[in-house]
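Architecture and fold: a report
Chain by chain, the residues run as shown.
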Amino acid sequence: MEALLDQLLNIGELLLQNGAEISRVEETISRMGMAYGAVEMQVFVITYSIVVSMKMPDGRVLTQTRRITRPAGTDFLRLEACNALSRRCCRTPLPLEELTAEVERIRTRSNSRLRIYGSSMLAVGSFTLFFGGGPADMLVSMAFAALTCLLQEYLMPICMNRVIFNLICSLLIGLGTCGCVLLFPVLQLDKIMIGYIMLLIPGLAMTNSVRDILVGNTISGALLLTESLLWAGALASGFMLAIWITGV
Amino acid sequence: MREIVTQLLTAFLGSLGFAILFHLRPRLLPWAALGGFLCWGCYLACCGYLEGVFFPCLLASAFAELYAEVLARLLRAPSTLFYVPAVIPLVPGGSLFHAMSAAVRNDWAAASAYGTTTGLSALGIAIGMSLI
């Protein structure tokens, strides 16, 4: 039973780290617990922690907590897979070994590098044009989008937290962009920068946090809101520092 | 007119980019990109009748949520998969940048005006998505 609870927490963790709402995580864990024979499920989830108590028919109560350390990203494939798995288990509970294997399989299905680089460049290039940039602006912003992905891949793991990372990343990219604008004055600095602000800005985290607050998950919402404001602040400071240093 | 076409087209491509970045199944990609296109179209249409950014953002976000819910039923997938890429073009990256750059130039009047716009659009998106 302890091993089962551990797997339930694994699924909760996967959901939470790949962009699921708090209410969805709580619901999934408690439904699956009931499907596996618990008579009562007490689930409490906030952005960085999951607490689950499972009451069994014989009166025993099992409790486990899980600290979530890695900051959340978004991965729809894993989200869908977790969802499908939980639906399947609610219909007919899978044996524990099978459940463990399935969870492990979902965990290893990460997005490919080519897709991450390509799609970041596509997104940033599109939004540079969207906000009124020209083809030259688009090319520059796409080049720096690739650099952003490189930084995310290699610099992020050694950074203390997202705030520091956003600050360093936006400062480096800002300096690079300002340099390009100094060399080629036809480029429009604001359009290029807005393009990858759209990529780096925690706009979704911010919107999700307001939704969390509105549906009653106040702690998680407030936590996420504070955090995303800090990230956005760090991002803006980095860019502004670059503009101020180069005097563009 | 040309500007509107460019915006709609790049909203489509931008949403597509984010959908791929967020690891959406390839089969669902066209729907997610279409969501961005329609959501921005809805925003532009609302801007013709309403002043400011708050209500257009709210309505466009509510529209995106409706679109996502309908597709979720039809294609049997969670609605977040369609809502998140659709609403991306509404994210106030532009006004955030202008607020910050005004602040660097010590132009506090412009900074607070752009800052308010940023906050109002974020609030509009959030309220719009909770409506439906």
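Here the structure is a predicted model, which is why all the values come from computation and not from measurement.

All names here are of chain A. With domains assigned, chain A is organised as domain 1 (2–108) and domain 2 (113–246). Placing a centre on the C-alpha atoms of domain 1 and another on those of domain 2 gives a separation of 32 Å. The partner domain 2 presents 9 residues to the 6 residues of domain 1 that form the contact. Looking at the side of domain 1 that touches domain 2, its residues break down into 3 nonpolar, 2 polar and 1 charged.

On to unusual backbone geometry. Residue and element names in this part refer to chain B. The phi torsion at Arg76 lies on the positive side, around 55°, for a residue other than glycine. Tracing the sequence through the fold places Arg76 in the loop between helix 3 (54–75) and helix 4 (80–87). Positive phi, close to 65°, is recorded for Asn106, a residue that is not glycine. Along the chain, the position of Asn106 falls in the loop between helix 5 (93–104) and helix 6 (108–131).

Of all residues in chain A, 99% attain a pLDDT of 70 or more, and the chain-wide mean is 90. When pLDDT is averaged over each helix and strand of chain A, the minimum, 78, is found for helix 9 (residues 203–215) of chain A and the maximum, 95, for strand 2 (residues 49–55) of chain A.

Taken together, the contact between chain A and chain B spans 39 residues of the former and 34 residues of the latter. Listed by contribution, the elements that provide at least two residues to the side of chain A that touches chain B are helix 3 (76–91), helix 5 (113–130), helix 8 (189–200), helix 9 and helix 10 (218–246) of chain A. When residues of the side of chain A that touches chain B are assigned to their parent elements, the largest contribution, 10 residues, is made by helix 5 of chain A. Broken down by class, the residue content of the side of chain A that touches chain B amounts to 26 nonpolar, 8 polar and 5 charged.

Rules used throughout
Residues numbered from 1 in each chain as written. Chains lettered and ligands numbered in written order. Predicted model: local features only at pLDDT ≥ 70, side-chain atom pairs only at ≥ 80, totals over all residues. Domains from an automatic or database assignment. Contact = placed C-beta atoms within 7 Å. Nonpolar A, V, L, I, M, F, W, Y, C, P; charged D, E, K, R; others polar. Helix = DSSP H or I, 4+ residues; strand = E, 2+ residues; numbered from the N terminus. pLDDT = per-residue confidence, 0-100.

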